[in-house]
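# Analysis of the macromolecular model
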Amino acid sequence: MDAEALRERIRRRAWELGFDACGFVAPDLPPHARFFLRWLEAGRAGEMAYLTRFQAQRLDPSRLAQAQGGPPLGTGIVLAVDYGQAALPPEVLSDPSRGIVASYAWGEDYHELIRPLLHQLDGFIREHTGRTVRGKALVDTGPVLERDWAQEAGIGFLGKNCCTIRPGWGSWLFLATLWIPEVLPPDPPARGMEVPPVSPEAVMAGLPWEGHYGWWRLSPAVVPPPLHATPGPGRPGTAIPLSPSPPLPDISAPAGSARPGSCGSCARCLEGCPTAAFVGPYHLDPLRCISYWTIEARTAIPRELRPGFGNRIFGCDICQEVCPWNRRRGLPREPRLPGLRARAEWMAPPLLEGFRGESPYWLVEAAFRERWRRSPVRRAGRSGMLRNVCVALGNWGHPSAVPALVQALADPDPLPRRHAAWALGRVLVRAGDPRARAALEARLAVEADEGVREEVCAALGGG
Ligand code: B12
Ligand code: SF4
Ligand code: SF4
């Protein structure tokens, strides 16, 4: 079988396995590698130490198998899974007594679902080529700039919010890559058109928000049609209507371009970020991002950022929710992989639910593991989630949160204790609840941890 024919067989098989898009790249230097290195030098990785490792492989994916004594890799297969589904209605999103979970975590952990599919795809290729060594199957955690490769493979373009956006689908995509020794013809890359490329230094310094940074032509051949021809049947309890769309800025295609994508002069994501995490278009500072703090970080959330978190307790979708490319999406539909379909109980749990006697999942490890079994939320851990929930309770500032916060203030882990103290301080300021003051004073009398003592004092001082 010739290389072109094998490539098309792989695409078809990828679709059958549940991938919605599949493109092919040559493993060269990723286009924004220099920006990535500058970004690292500026300390943007924070606690995400894994981003600082295996740079030789990240800058040259042909070496990804080298550490295990594997052969040089000749082709990258870039895959996307569309997880977009119903949006939460505005009254749920803005309900301060609920904790909003990012939509990528409404279904089961995508790493666990997608990795075996990559291995199956690799097995299919090996059957055709007779190869005995395995390809390198990576989803999220590998040393690969997945968004760069998705753009190179023509799957989507990079939005100013940093996300891969595919016109017609939006940005609710998981990305994954499979790197194989076989050399297959690459897809035409989604190269920028019309506007000259901007330098990494300019992106680091912060580009003007409303600038127009080009159109990206996308490969029309990434999926066997039709995609999601009919919306899925829906699961009980998850049929939540899409919220009505506000008027949209003009991001329509210039005449004569095929499947192009662009942000145009739109800057909604940059304006909409509640913690001002964007230095500028294409440049996010994770150390100001809700997603980083609520998922990745194991330390205390900076006090000045906490009010901006609102009721987001795990991840954040705001810079995607406001994006016209997501609002233009068609009818609500369901991911083809059944495991990714939203579970009603994982989307926006009432904040106080996990403190109650029948299932105190924010307080007891075993209950946490049971309540969030197979959910990506487990990544933050029980105490990390309790930290996040305390911030949301503080932002609610309602007296009914006091008993829960008193329990959190007695947690064995100082991390949630710090945030519970802060939240009680907010209830004190907002509602003047004497129980909040009493709890803080009682804690100060017994607390040994310096960080918690400092938070308690700040809370009692109204800081
Ligand atoms: C670290 C990481 C994070 C960090 C940092 C994110 C960031 N923007 O840097 C944090 C924890 C904040 C994060 C958050 C989220 N993440 Co994340 N994350 C990653 C991870 C592991 C590495 C990304 C990375 O290298 N960042 C470093 C910076 C430099 O890279 P970048 O943002 O991709 O930047 C690119 C652009 O800046 C661009 N660029 C530079 N200059 C220029 C100039 C021009 C003109 C253009 C067009 C582009 C451009 O090139 C850079 C390199 O590709 C990837 C998986 C992977 N292996 O790639 C997932 C990944 C990017 N995350 C993903 C998701 C789903 C999310 C969240 C939506 C989760 C959530 N709901 O909370 C948010 C979205 C936040 C956002 N707006 O980016 C998906 C993205 C899917 C998509 N459609 O884009 C990925 C690919 C995981 C996956 N396998 O599906 N994430
Ligand atoms: S805080 Fe939310 S809106 Fe801001 S960059 Fe992070 S994910 Fe996007
Ligand atoms: S909100 Fe606007 S600027 Fe941001 S990614 Fe979407 S189209 Fe681009």
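Residues numbered from 1 in each chain as written. Chains lettered and ligands numbered in written order. Predicted model: local features only at pLDDT ≥ 70, side-chain atom pairs only at ≥ 80, totals over all residues.

### Section: the sheet that holds strand β2 (residues 75-82)
The strand order across the open sheet formed by four strands is β1-β2-β7-β4, and the pairing between neighbours is antiparallel. Since the sheet does not close on itself, it has two edges, and those belong to β1 (21-25) and β4 (136-138), each with one partner. Within the sheet, the average angular offset between the axes of one strand and its neighbour, ignoring direction, is 15 degrees. Note that β2 and strand β7 (residues 173-180) share eight bridges and pair antiparallel. Bridged to V78 within β7 is T177. Helix α1 (residues 3-17) rests against β1 and β2 of the sheet, and its axis sits at about 145 degrees to β1. Relative to β7, helix α5 (residues 110-129) is tilted by about 35 degrees, and along the sheet it contacts β2, β4 and β7. (Pairing = 2+ DSSP bridges. Helix = DSSP H or I, 4+ residues; strand = E, 2+ residues; numbered from the N terminus. Axes fitted to C-alpha atoms, helices over the stretch in contact; angles between N-to-C directions. Contact = placed C-beta atoms within 7 Å.)

### Some points on the site of ligand 2
Taken together, C273, T275, A277, L284, C289, I290, S291, C316, I318 and C319 make up the full set of residues near ligand 2. Only α9 (290-296) and α10 (318-321) provide two or more residues apiece to the shell around ligand 2. For the shell around ligand 2, the residue count by class is eight nonpolar, two polar and no charged. (Near = placed C-beta within 6 Å. Nonpolar A, V, L, I, M, F, W, Y, C, P; charged D, E, K, R; others polar.)

### Examining the nonpolar core
Counting 124 residues, the largest nonpolar core has A80, V101, L393, L405 and L424 as its most contacted members. Here the element with the most residues in this core is helix α14 (residues 381-396); it accounts for eight residues. Each of domain 1 (3-229 + 244-348) and domain 2 (350-463) gives at least three residues to this core. When neighbours within four sequence positions are excluded, L405 is seen to be in contact with C390, L393, A420, A423 and L424. (Core = buried A, V, L, I, M, F, W, Y, C linked by C-beta atoms within 7 Å. Buried ≥ 20, exposed ≤ 12 C-beta atoms within 10 Å, placed from the backbone. Domains from an automatic or database assignment.)

### Remarks on unusual backbone geometry
A positive phi angle, near 55 degrees, is found at F54, a position not held by glycine. Within the fold, F54 resides in the loop between α2 (33-41) and α3 (55-59). Its 16 C-beta neighbours within 10 Å are what place F54 among the partly exposed residues. At D140, a position not held by glycine, the phi torsion is positive, near 75 degrees. For D140, the position within the fold is in the loop between β4 and α6 (146-152).

### Overview of the confidence of the model for the chain
For the chain, per-residue confidence averages 90 on the pLDDT scale, and residues scoring 70 or more make up 89% of the total. Ignoring residues within four places in sequence, the model shows residues 226-257, a span with pLDDT below 50, making 44 contacts including any to other chains. (pLDDT = per-residue confidence, 0-100.)

### Comments concerning the site of ligand 3
Looking at ligand 3, there are 13 residues lining it, with G159, C263, C266, C269 and C323 nearest. Mapped onto the shell around ligand 3, the elements with two or more residues apiece are α8 (268-272) and α11 (324-327). Of the residues in the shell around ligand 3, the class split is nine nonpolar, two polar and two charged.

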